[in-house]
Amino acid sequence: MLSTQRWSEQGFALLQLLLVASFSKAEERGCILMGEPEEPQLFKTGDIILGGIFSFHSNWKNIESTYVHSPLPLQCTSLNFRAFQFAQAMLFAIEEINNSTDLLPGIQLGYKIYDECGSIARAVRVALSLINGNEETATMSEKPCSGSVPAIIGVQSSSPCMAVATVIGPFHTPLVSHFATCACLSNKVRYPSFLRTIPSDYYQSRALAQMVKHFGWTWVGAIRTNNDYGDIGMAIFTETATQLGICLEYSLPFFRTDPPEQRQKIIEIIKGSTSKVIIGFLSHIDMDELIKEFAHHNLTGYQWVGTESWISDSQIAIAKGHNILEGSIGLAIRKAHVTGLREFMLDVKPLNSSGNKLFTEFWETTFGCIFNHIKQTGENLEQCTGYEDLTGIKNSFHDMSLMPIFNNVYKGVYAVAHTLHNILGCGEMCSNTIASDQQVILQHLKNIRFKTKEGEEVYFNENGDPAAMYDVINWQPKKDGSVEFVTVGLFDASLPEDKQLHLDNLTLTWANNSKQVPVSVCSGTCALGTRKVLQKGRPVCCYDCIPCAEGEVSNTTDSITCVRCHPEFWSNERRDGCEKKETEFLSYTEIMGTILTLSSLLGACLTATVALIFFRHRNTPIVKANNSELSFLLLFSLTLCFLCSLTFIGRPSDWSCMLRHTAFGITFVLCISCVLGKTLAVLMAFKATLPGSNLMKLFGPRRQRIIVLAFTLIQVVICIVWVTANPPYPFKNLGHFKDKIILECALGSPIGFWAVLGYIGLLAMLCFILAILARKLPDNFNEAKFITFSMLIFCAVWMTFIPAYVSSPGKFSVAVEIFAILASSFGLLFCIFIPKCYIILLKPERNTKKNMMDKKS
């Protein structure tokens, strides 16, 4: 891996130069190698040669070019035991195949394995060496400069893989990587010949996001390796995390060669952060450097979430400052076991038979000795014998924690072997030992499907990727202070999304050796009855919790909206549920309803009492003075007026709504008609005393009954039309009060209602005018005066009623209407009949015909 994109660009520029150089002699009759040939670090002849590229060294010496002579070969440094193990896994697989009678019988596989030294440019150079044969000259054939290897195994990092796959893609030479996970490599347009036995980071990034969401961490930080592996992997994680409602407080690039000021900047950002969870999308080498920085600044207590690159790396777990990662959780390639591989790896001596220099360097590095007496470092070093006891040395070469990755190398070799087996038509023996065209090999390799000796199924999907399955690993401390990688779950990308992540019911260890799941949120959980309101200028995970408005509820935590209750319901005090609104109507049981009911019954009783008094004194002059028949009809209608007010009290129903308005309208018209008849009778009586007047004959009792009946029938017709066309009906008034339902009677047709009232008002005004005209007639007992007062009260009450009715809320509007009915009824009763009762009961001496006939001047 290179530290910056600049190195990557330089690497690709070098690729272009190399390709130009490779094809510069296209018109010549043969291929001529440009530059010095590359020597493989491990080599074995065979019928078919497989290529391998591993980073046996992790660094190189920087040598400034003088531009006078050809650049010197790259000097690789820092022997990498992991790459040595990867190469051992490849050799083990080849030895197994060569000793097998079922796979490629009669065919001996050889190998050429090169060292890339962690350099993209060198990785491309050795890849070109593998596909062109690496001979200094090659004669013209049917396919000049054709590759000498059917496939290349290795190239463990994503950035070198991208470069190598770009170069060898046009030649259709398969590259099977065991450790390059960048999702970008699944692009078959750019990398048509690339395949891998390790899952793509596309699945790992999504799995990490799902795991973070599972533990409720919505506010996290991230540190990524500053290369294609880290950048693209973190981009996919960020996209998925955003979809799941997870926010990144920071996402910082890091590379092991970063200057001190860059490292210090990262430390300062993390110190100033509020998130407690860090996503470490880092290579194991960069992680090793980073934890040293954290340990130096004593940055502890953070919950780390790791990738397959370091989460199960035992060397990280014993490195200086590893306690920083205590309780880490992450994804690792599924555990695997390859029978015999461990023993083969530890038996390094057979490598010495190939006479390669790599064995010498490995042995000298492991045992701190040399194979000759020359002083190489200014110190006398012990001479190596080649028979030192390797089992007594404890270093990373003995670490088998990367067995899943070794297994990936093993599967890659077997995939190529099965492909060749099918192409060569092998039965008991293979038909020939000449590999087919590279494009044919690539096509067969993409479609290969087989099972290893351990029963694991191997295949590639349309993107050249294997099935994505990960173990969920938790770092748990042992009693001796070491770290145990405990498998606590599984991620299987082949399952439905909601079932992909499965965590076992195990006790996990978290940062600071805690047994409680850490909390890492920007804002706390919004309780029931509240909703989220984003904080201006901050990510969506940072919000305030505000209570729901009246009439709205939220019955889930972290609700983003409050839901308005059904119109017949209202929010409770906690705003977490809707309750049925209180239903309000004028009831008999409440104080106001009781008072109005008693007033109505009192009025009816008083009217009945007056009627009884009049009946008992029906033959007295004061009763007979003004049509006693109309008086009794008036008392009857007043009784109905008092009683009709009772229909306004109680829960409204279809019948009560129609009855209350029609009964009220008809009884009041009957009442006013009787008063009008009595007023007309007074006027006609005095007009009839004039000489030659014949009015009393024209306006006798029969005509008075007709007038009362006619006026009443008009109101009856109005009510019938109203009830037939659009009758009043029960109605739930939900808008007047926000927390109450008013049960009332809707008018149905407002025109009908106001027609009834208007007709009553018209008769009342007519009666009032006639009573005024008759009030000064010279009678000792002129009933017109009392009718005038009663009509004055009636009109005043109903004129006051209209604005009071319109402005009164809910049941109070009904109470206003009842009050108007009772007030006008009591006005008529008291003004017209109480004076007569006073004379009948208290002044009987005035209840004479003579007194009635006396005229006042």
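Let me begin by describing the structure that accompanies this report. If you're wondering where the values come from, they're calculated on a predicted model, not measured in any experiment.

### Things to note about the overall build of the protein chain
Across its full length, the protein chain holds 23 helices and 31 strands. Within the protein chain, the fraction of its 857 residues that count as buried is 52%. Nonlocal contacts in the protein chain, meaning residues at least 24 apart in sequence, comprise 70% of its contacts between residues at least 6 apart. Of the roughly 40,100 Å² that the protein chain leaves accessible, carbon and sulfur atoms contribute 58%.

### Some points on the sheet that holds strand β29 (residues 582–584)
Here three strands make up an open sheet; going across it, the order is β29-β31-β30 and the pairing mixed. The strands lining the two open edges of the sheet, one partner per strand, are β29 and β30 (729–733). Strand after strand, the sheet turns through a mean of 30° between neighbouring axes, direction not considered. Two elements, β30 and strand β31 (residues 740–746), share five bridges in a ladder whose sense is antiparallel. Within β31, the residue paired with N733 across the bridge is I742.

### Some thoughts on the state of the cysteines
Applying the stated criterion across every chain yields a total of ten disulfides. One disulfide bridge connects C526 with C545, the sulfur atoms lying 1.9 Å from each other. As the torsion about the S-S bond is roughly -90°, the C526-C545 disulfide counts as left-handed. Of the two residues, C526 is situated in the loop between β22 (501–503) and β23 (530–534) and C545 in strand β24 (residues 543–547); the sequence distance between them amounts to 19 residues. Note on C545: relative accessible area 36%, which makes it partly exposed. The disulfide that involves C548 links it to C562, with 2.0 Å between the sulfurs. In this structure the cystine formed by C548 and C562 twists about its S-S bond by roughly -75°; its chirality is therefore left-handed. In this pair, C548 is assigned in the loop between β24 and β25 (552–553) and C562 in the loop between β25 and β26 (563–564), connecting sequence segments 14 residues apart. For the residue pair C548 and C562, the accessibility class agrees, reading buried in each case. Summary of cysteine pairing: C674 is not part of a disulfide, and the nearest cysteine sulfur, belonging to C671, is at 6.8 Å.

Rules behind the numbers
Residues numbered from 1 in each chain as written. Predicted model: local features only at pLDDT ≥ 70, side-chain atom pairs only at ≥ 80, totals over all residues. Heavy atoms only, no water. Helix = DSSP H or I, 4+ residues; strand = E, 2+ residues; numbered from the N terminus. Buried < 20%, exposed > 50% of the residue type's maximum accessible area, 1.4 Å probe, protein only. Contact = heavy atoms within 4.5 Å. Areas by Shrake-Rupley, 256 points an atom, 1.4 Å probe, with all protein chains shown as cover. Pairing = 2+ DSSP bridges. Axes fitted to C-alpha atoms, helices over the stretch in contact; angles between N-to-C directions. Disulfide = S-S within 2.5 Å.

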